[in-house]
Amino acid sequence: MAYKRLLTIQDISCVGQCSLTVALPMISACGVETAVLPSAVLSTHTAGFTGYTCRDLTDDFPAIEKHWKKENLKFDAIYTGYLGSTKQVNYVLSIMKSAAKEKCVKIVDPAMADNGILYPAFDQKYVNAMKKLVAVSDIVLPNITEACFLTGMEYKEVYDEAYIKELCKKLKALGAKKVVLTGVGYKKGRTGVVCYTNKYSYYEHKKEEKGRHGTGDVYASAFAGALLNGKKLEDAARIAADYTLLCIQHSQKGANFYGVKFEPEIKNLIKMLER
Ligand code: PXL
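Given the structure is predicted, the values throughout are model-derived calculations rather than measurements. (Residues numbered from 1 in each chain as written. Predicted model: local features only at pLDDT ≥ 70, side-chain atom pairs only at ≥ 80, totals over all residues. Heavy atoms only, no water.)

K.L.:
Sorry, what's going on with the environment of Glu 208 here?
P.N.:
Note that Glu 208 resides in the loop between strand 11 (200-206) and helix 7 (215-228). Measuring from C-alpha to C-alpha, the distance between Glu 208 and Gly 189 comes to 7.2 Å, with 19 residues separating the pair along the chain. Ignoring anything within four residues of it in the chain, the contact list for Glu 208 reads Leu 245, Ile 248, Gln 249 and Gln 252. Looking at Glu 208, its side chain comes within polar contact range of the side chain of Lys 206, at 2.9 Å. Side chain to side chain, Glu 208 and Gln 249 meet in a polar contact 2.8 Å long. (Helix = DSSP H or I, 4+ residues; strand = E, 2+ residues; numbered from the N terminus. Contact = heavy atoms within 4.5 Å. Polar contact = N/O pair within 3.5 Å; in protein donor to acceptor, adjacent residues only side chain to side chain.)

K.L.:
Teacher, can you tell me more about the pairing of strand 9 (residues 178-181) here?
P.N.:
Strand residues, when the strand is regular, have side chains that alternate between the two faces of the sheet. Pairing geometry for strand 8 (residues 139-140) and strand 9, over two bridges, is parallel. Within the sheet, the bridge partner assigned to Val 140 lies in strand 9 and is Val 179. Bridging between strand 9 and strand 10 (residues 190-196) involves three bridges; their strand directions are antiparallel. Residue Leu 181 lies in a different strand from strand 10, and its bridge partner there is Val 194. (Pairing = 2+ DSSP bridges.)

K.L.:
Where do I start with the side chain of Thr 191 in this structure?
P.N.:
Note that Thr 191 resides in strand 10. For Thr 191, a relative accessible area of 13% translates into the label buried. Excluding its chain neighbours within four sequence positions, the residues that come into contact with Thr 191 are Gly 183, Val 184, Gly 185, Tyr 202, Tyr 203, Glu 204, His 205, Lys 206 and Lys 207. (Buried < 20%, exposed > 50% of the residue type's maximum accessible area, 1.4 Å probe, protein only.)

Here you go:
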């Protein structure tokens, strides 16, 4: 495998096992150089904790981009997650152009909503800005809630394949070349992931009833790591799903806490990549 270099743009939640504290160790462990651009620094993530601090780093972006341009720093992949502000999205759009190698894969995880609602920091303006990032993505990686906010479709907890296909088509109409839609379950006790390119494919697996915060970031990071290890889209989507399930199951062994215990399972992710 050629040595690949990825840039990920998302926040540092100092405590809480999400975003960069997940992406950096995981993607590095997959053998990929992982450069980071922190969108903001928060004392914790925003789901469940109260009184968290947040330093938005939006205003640092132009100078960082300028320096990278001067140094001619470019990446094989750019993966975006939770961003710091609506204004920041425009800077990210610019970096997506200036820091991309010719065949750069752009993975956009909209990371803004779950269970039918937006995260506390976000509003409709942010959703509209996120559509612009989706428009330049090679792969958009939302959950159903995020897909609904992006497309304007009604959020449903119970749905059929026609509804999911419609969501995927609308995401592609926004400009995404490929769609990987997570958390799709048609039967009780089951969930899975849909890949939508020109064709629809579905990988189904067991659903653990107790959802965990941060699983979206674990999923996206495993997916990016697998893809940059040369796995095909559907295989990367399946490996990420199997790994995320392992992490959720591992988390259930201990006391309830704020994130996913992904670290002890990294060795199994590496084994899956070697198959
Ligand atoms: O896991 C997504 C995420 C990332 N970063 C921050 C968050 C969340 C979800 O709530 O609050 C700061």
